[in-house]
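Chain and residue survey
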Amino acid sequence: GDTSNPRSHGYPDTPGFPQASSSPKDPRPQTPRRTKKKDSFNIAIMNFRSLNNKIPEFHTVLSATDPDVVLGTETWLKSDTLNCEVFPENYTIYRRDRLLDRKHDGGVVILVMVRKSFTSSELKINTECELLFVELMLNEQKNVKIGYLYKPPRTDEEYLEDLQQSLHQVDP
């Protein structure tokens, strides 16, 4: 073909413009959609630095990522804040809010997706630490303990001793 003809646009043996065109393929590699194995779960870890003023964004992230478990610190929630005001109904909520005699910050939350293949329960711990432990029962075959801690800045040795005692309560 004549590639010197400006109307041929470099298509050998093709006179004139092409009759049809298509969009070029996206050169970026496609990330395969993650499929969950029945024994696996996904965890999202978040530092909210006040959840009250980020509720719509929080729900958007949950919808986009669909985590089975969410671990969150610095919720800044007060004990009079209802779970239904903040969290989606398809999660079981475990909270440990900052005690009233301390600053407004802090607080820990663990959300566990309500699924037929998961059950969960909170492991009760006698501690002053902002610490939560939840036990997940996966398909009635495996138990997994998940803990999450908010360690305030400038904690002292007494706090660390309390944390150590707390961990012994979880796994004596």
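Our structure is the block above this text.
In this text the structure is predicted, and so the values were computed from the model without any measurement.

1. Some words on the overall build of the protein chain
The helix and strand inventory of the protein chain stands at 3 helices and 7 strands. Tracing the protein chain from N to C terminus, the helices and strands come up as β-α-β-α-β-β-β-β-β-α. Across the 172 residues of the protein chain, 37% fall into the buried class. When contacts within the protein chain are restricted to residue pairs at least 6 apart in sequence, long-range pairs at least 24 apart make up 55% of them. Within the structure as shown, the protein chain displays about 11,900 Å² of accessible surface, and the carbon and sulfur contribution to it stands at 52%.

2. Considerations on the sheet that holds strand E5 (residues 118–122)
Spatial ordering of the open sheet is given by E5-E6-E7, a layout of 3 strands whose pairing is antiparallel. Among the strands making up the open sheet, the edge pair consists of E5 and strand E7 (142–150). Taking each pair of neighbouring strands and ignoring which way they run, the sheet shows an average axis angle of 25 degrees. Both E5 and strand E6 (residues 130–138) contribute to a ladder of 5 bridges, which runs antiparallel. Counted as the bridge partner of Phe118 is Leu138 from E6. Contacts between helix H3 (residues 157–170) and the sheet are confined to E6 and E7, with E6 contributing the most and set at about 20 degrees to the helix.

3. Some thoughts on unusual backbone geometry
Trans peptide bonds make up the majority, and among non-glycine residues the majority have a negative phi. For Ser50, which is not a glycine, the phi torsion comes out positive at approximately 90 degrees. For Ser50, the location among the structural elements is in the loop between strand E1 (43–47) and helix H1 (55–65). Phi is positive for Glu74, close to 50 degrees, though the residue is something other than glycine. Among the structural elements, Glu74 can be located in the loop between strand E2 (69–73) and helix H2 (83–86).

Basis of the calculations
Residues numbered from 1 in each chain as written. Predicted model: local features only at pLDDT ≥ 70, side-chain atom pairs only at ≥ 80, totals over all residues. Heavy atoms only, no water. Helix = DSSP H or I, 4+ residues; strand = E, 2+ residues; numbered from the N terminus. Buried < 20%, exposed > 50% of the residue type's maximum accessible area, 1.4 Å probe, protein only. Contact = heavy atoms within 4.5 Å. Areas by Shrake-Rupley, 256 points an atom, 1.4 Å probe, with all protein chains shown as cover. Pairing = 2+ DSSP bridges. Axes fitted to C-alpha atoms, helices over the stretch in contact; angles between N-to-C directions.

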